[in-house]
Amino acid sequence: MTTGESLLRRQGTELSDEDCSTLHDHCGAGRQHLTAAATAALPDLLRLAAAPGGTRVYLVDLIGTLAQQARTVPPEAVDPGWPAAWERHRAEAEALLADPDRAVRYAALGLTPTPAKLLERWRAEEDATVRHRLLPTLTAAAAETAWEPEAVALLNSLLLDDDPVLRLAAVQAWAAIDPAAPARHVDLMADVLADPAHRPAIAVRGTEPGEDTAYAFEASVDHSLHLLLEQTDDPATATRFVLRLADRSGGAEDSVLRRCVLDQAWRLLVERRSAAPSLVPLAAARLADRDPTVRVRAAHLLAVLGTRSAPYADELAALLDDTGEDELLEGTIGEHARWALARIGDARALPGLVESLYEPYRDQYARGYVLGDPRRPEISDVLIPLRAHAPALLPSLRAALRHDMRNGDVGASLAGEFCGVLEAWGPAALPALPDVLPLLAGTCLSLAAADVLAAMGEGAVTAVPALRDCAVLDWEGNRWKVAWAVWRIGGDPEGGGERTLRLLGEALLNAEEPHYGGLLGYVADFGPAACAYAPRIRDLMDNSEHWWLRLASAPALWSVTGDPAPTLPVLARPIAAVAEGDDSYGALRIALDALSRIGAITPEIEADLRTIRARERRLSPYGDHRAVLDDEALRGTIEGLLAGAGAQQGVAVGVAGPTVRAEDEGEVQESGTKQEEPPDHRDQSAQPSQPDQPSQPDQG
């Protein structure tokens with residue numbers, strides 16, 4: 001007899017935490033299948049749950065978990081004996097709905113009772129907390145069954161009830177039957193939630209018996225917005241909901257609601273782009289709030305809104321020295337206000353900007369924050385768009401880089417990110433050359449330094465000896481990068497870099513997958529001079545087993561041949577996938593960047609780009625400020641491509657038939673958002689990069 005079986009044989013004995021864990025494992029709770037052990041345990045679990053003891057709620061929850069598994073895992077993964085066993089013991093399970101202990105009754109709602117039993121219990125139940133959970137359980141069970149009309153009649157009657165919190169619960173529960181119901185009653189939801197008099201009842205009823213009610217009100221507001229965004233996909237009504245809450249949050253003492261409003265505005269902004277214009281005045285109105293936890297949210301929201309926040313630049317500048325914060329969020333009010341000014345393009349952001357960004361890392365290796373919450377931006381997110389201000393920012397950035405490298409590259413926490421900024425700034429970063437050269441001495445950062453030098457161009461030619469002697473791990477791919485970088489800064493002038501091209505070309509012909517990622521970019525940089533390697537690149541584009549390698553080969557082939565015809569169908573594939581609803585934004589970004597360099601699109605690509613442009617959701621897998629930044633970048637590239645297509649109307653672009661193999665169809669979709677950066681991927685620009693114009697942030 002196993003330990004789990006012996007526990008099930010007990011007669012009313014209290015179970016320890018360890019015993020509960022053993023039972024959980026014995027029954028296979030939470031797995032992707034339902035075992036025979038769970039079926040055999042069901043009678044004893046119900047007996048123990050009905051007996052006196054302090055672990056009854058846990059046991060009821062365990063039974064509910066098993067019942068949920070039986071409904072959600074594939075039928076073939078359910079033990080054949082479970083359905084009959086559940087039906088034999090259903091009456092025992094449903095009897096727990098009338099247990100004297102309200103915590104047991106609350107937990108028993110997870111035992112998949114029938115709609116008839118739930119309606120019966122609704123008429124008998126007097127505890128407000130249990131009724132609050134019973135209502136959505138009832139509507140979910142009644143949906144699309146013969147009991148739906150009775151559930152709808154009950155909900156209609158509850159809308160006339162004298163209890164406002166019950167009316168709110170009815171609207172929220174109605175979504176299980178009619179997803180449009182919350183949108184029809186959005187004002188009711190907002191008005192009940194905005195009234196401070198109802199907040200204690202909302203908190204108590206929305207919390208499991210015995211649990212902390214601290215954030216139950218916020219959870220109810222969040223759930224209401226979720227119903228509007230996800231159930232009905234109605235961002236206009238969701239925005240109306242947030243604005244109505246904001247209109248009622250002006251009470252001097254009601255900082256809870258004002259925080260909650262800004263949290264919901266933040267969620268709207270990162271998920272739906274159409275909400276942005278309405279949220280600017282909402283956030284700006286809270287910049288002078290007496291509560292720092294409100295001000296910090298307002299400043300961050302305006303930062304993410306970008307240039308839309310420009311009318312409030314003076315108010316943001318007044319907050320630069322504000323050290324107020326929310327202990328649950330990362331960053332001070334002044335830090336977020338400075339980022340807002342930087343996004344706007346206001347020069348008042350520049351003094352102290354690099355120091356402010358570096359300070360959290362000065363004596364430690366990392367920060368702490370919750371993904372999806374407002375937080376400090378990444379250094380690269382702030383500084384890369386400010387290339388036009390490089391002369392003003394470089395002294396501070398160089399000082400921070402030197403401080404970060406004071407103990408060598410092993411102890412550096414931000415040198416790699418600083419390198420990313422300098423690389424993006426290109427020749428504008430040339431004054432930092434003396435601070436980049438020491439990075440070549442260690443294997444941790446030497447390759448990043450090589451990328452920086454290559455981006456600086458021939459102005460960094462004095463670095464050739466140090467670059468040739470840089471420390472790299474003993475792998476041929478590293479040597480290829482060093483050779484390419486030496487050529488980029490003018491270290492192989494004879495024959496226009498013929499020696500370097502021959503080295504890289506031979507490597508391309510002989511290397512094994514998937515090591516071609518960097519090589520393709522290096523060879524493509526030589527343009528038509530590398531046309532001898534076009535057959536190998538074409539072979540990779542047509543036949544590679546790696547989706548990202550086929551995608552990288554496409555612009556490389558165009559670069560060395562000048563012919564977009566075989567390339568465009570390959571680049572069209574991830575664009576079509578996203579247009580059809582896929583979320584492979586990493587592949588989309590690679591394809592869009594390549595098309596921007598090529599400067600030509602087909603009518604089919606143009607149609608797909610228009611479909612993507614019209615999408616309301618952010619083009620990003622993230623749920624924080626990165627969603628807006630990603631969305632801005634991708635949409636900016638799309639706008640540029642569509643503008644170019646409009647300017648070239650009437651100019652025919654010859655396109656060969658698709659070169660992607662039929663058996664590869666769907667691979668881009670399968671790649672998802674986790675493969676955003678292929679191994680050893682780097683920019684496969686067709687020619688050495690030129691400094692582009694200072695970019696202006698989009699408008700959120």
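Definitions and limits used
- Residues numbered from 1 in each chain as written.
- Predicted model: local features only at pLDDT ≥ 70, side-chain atom pairs only at ≥ 80, totals over all residues.
- Heavy atoms only, no water.
- Helix = DSSP H or I, 4+ residues; strand = E, 2+ residues; numbered from the N terminus.
- Buried < 20%, exposed > 50% of the residue type's maximum accessible area, 1.4 Å probe, protein only.
- Contact = heavy atoms within 4.5 Å.
- Areas by Shrake-Rupley, 256 points an atom, 1.4 Å probe, with all protein chains shown as cover.
- Core = buried A, V, L, I, M, F, W, Y, C linked by side-chain atoms within 4.5 Å.
- Axes fitted to C-alpha atoms, helices over the stretch in contact; angles between N-to-C directions.
- Parallel < 35°, antiparallel > 145°, perpendicular 65-115°, else oblique.
- Left-handed = near helix turned anticlockwise from the far one by under 90°.
- Nonpolar A, V, L, I, M, F, W, Y, C, P; charged D, E, K, R; others polar.
- Patch = residues over 30% accessible without salt bridge, like charges linked within 9 Å, V, L, I, M, F, W, Y side chains within 5 Å.
- Salt bridge = Lys/Arg side-chain N within 4 Å of Asp/Glu carboxyl O.
- Lys, Arg positive; Asp, Glu negative; His and termini not counted.
- Charge placed at Lys NZ, Arg CZ, Asp CG, Glu CD.
- Arc of directions from axis to C-beta.
- Polar contact = N/O pair within 3.5 Å; in protein donor to acceptor, adjacent residues only side chain to side chain.
- Phe/Tyr/Trp six-rings, centres within 6.5 Å; stacked < 30°, edge-to-face > 60°.
- Lys NZ or Arg CZ within 6 Å of the ring centre and 35° of its normal.

Participant: What am I meant to see in the overall build of the protein here?
Facilitator: Tallying secondary structure elements over the protein gives 37 helices and 0 strands in all. Every one of the 700 residues in the protein was classed for burial, and the buried ones make up 54%. Taking the contacts inside the protein whose residues are at least 6 apart along the sequence as the reference set, 68% of them involve residues at least 24 apart. Accessible surface computed for the protein: about 29500 Å², of which carbon and sulfur atoms make up 51%.

Participant: Please clarify how the nonpolar core should be interpreted in this entry.
Facilitator: Nonpolar side chains in soluble globular proteins tend to be buried together. Membership of the largest hydrophobic core comes to 224 residues, with the highest contact counts inside it found for L45, F241, L383, L422, W425, L453 and L467. In this view, L422 contacts L394, L397, L401, A429, A432, V436 and V452; residues no more than four positions away in its chain are not counted.

Participant: Please clarify how the packing of helix α15 (residues 235-247) against helix α16 (residues 255-271) should be interpreted in this entry.
Facilitator: Viewed as axis vectors pointing N to C, α15 and α16 meet at an angle of 160 degrees, and their least axial separation amounts to 9 Å. The angle between α15 and α16 places the two elements in the roughly antiparallel class. The way α15 lies across α16 gives a crossing that is left-handed. Of the residues in α16, those touching α15 at A238, T239, V242, L245 and A246 are L257, V261, Q264, A265 and L268. Residues that form the contact of α15 with α16 fall into these classes: 8 nonpolar, 2 polar and no charged.

Participant: What should I look at first to understand the side chain of T137 in this one?
Facilitator: With respect to the helices and strands, the residue T137 is situated in helix α8 (residues 128-142). A relative accessible area of 19% means that T137 is categorised as buried. Those residues in contact with T137, other than ones at most four positions away along the chain, are L109 and L118.

Participant: In this structure, what is going on with a negative patch on the surface? I would like to understand it.
Facilitator: A contiguous patch of negative charge on the surface is contributed by D61, E208, E211 and D212. Judged by its relative accessible area of 32%, E208 is partly exposed.

Participant: Hey, could you run me through the pattern of salt bridges in this one?
Facilitator: If charged atoms from side chains of opposite charge come close, those side chains can pair. Scanning the entire structure with this criterion turns up 50 salt bridges. In this structure, the salt-bridge partner of R258 is D289, at a minimum N-O distance of 2.5 Å. Of this pair, R258 sits in helix α16 while D289 sits in the loop between α17 (276-284) and α18 (292-305); the two residues are 31 residues apart in sequence, bridging distant segments of the chain. Residue R258 is classed as buried on the basis of its relative accessible area, which comes to 4%. On the accessibility criterion, D289 (7% relative accessible area) is buried. One salt-bridge network, in which partners are shared between bridges, spans D222, E230, D233, R267, E271, R272 and R617.

Participant: Is there a simple way to explain helix α35 (residues 603-613) in this structure?
Facilitator: Given 3.6 residues to a turn, an α-helix orients residues that are three or four positions apart in the same direction. Inspection of α35 places I605, E606, L609 and I612 among the buried residues, and these make up the whole buried set. Projected onto a plane normal to the axis of α35, the buried residues spread over an arc of 120 degrees and lie on a single side. More than 90 degrees from the buried face of α35, the exposed residues found are P603 and E604.

Participant: When you look at the packing of α16 against α17 in this model, what are you seeing that I'm missing?
Facilitator: Across the interface, α16 lies against α17 with an axial gap of 10 Å and an inter-helix angle of 155 degrees. With respect to α17, the element α16 is oriented roughly antiparallel. Both α16 and α17 take part in a crossing whose hand is left-handed. Between α16 and α17, the residues in contact are V261, L262, A265, L268 and L269 and A276, L279, L282 and A283, respectively.

Participant: Sorry, what's going on with the side chain of S620 here?
Facilitator: Relative to the assigned elements, S620 resides in the loop between α35 and α36 (625-647). A distance of 3.0 Å separates polar atoms of two side chains, one belonging to S620 and the other to D630.

Participant: Help me out: how do you make sense of helix α9 (residues 148-158) in this one?
Facilitator: Looking at α9, one finds that the buried residues are A151, L154, L155 and L158. Buried residues in α9, looked at end-on, bunch into an arc of 100 degrees, giving them a common side.

Participant: Whenever I open this one, the packing of aromatic side chains confuses me. Can you help?
Facilitator: Aromatic ring pairs: the centre-centre distance and the angle between the two ring planes describe each pair. Counted by the stated rule, this structure contains 5 aromatic pairs. The cationic tip of R131 hangs over the ring face of W122; the distance from NZ or CZ to the ring centre is 3.9 Å. Across from the ring centre of Y369, 4.2 Å away, lies the NZ or CZ of R375, which sits over that ring.

Participant: Sorry, what's going on with unusual backbone geometry here?
Facilitator: Backbone geometry follows two general trends: most residues other than glycine have a negative phi, and most peptide bonds adopt the trans configuration. Notably, T112 is not glycine yet its phi reads approximately 55 degrees, a positive angle. Within the secondary structure layout, T112 lies in the loop between α6 (102-108) and α7 (115-124). The phi torsion at E144 lies on the positive side, around 60 degrees, for a residue other than glycine. Position of E144 among the secondary structure elements: in the loop between α8 and α9. Judged by relative accessible area, E144 falls into the exposed class, the value being 79%.

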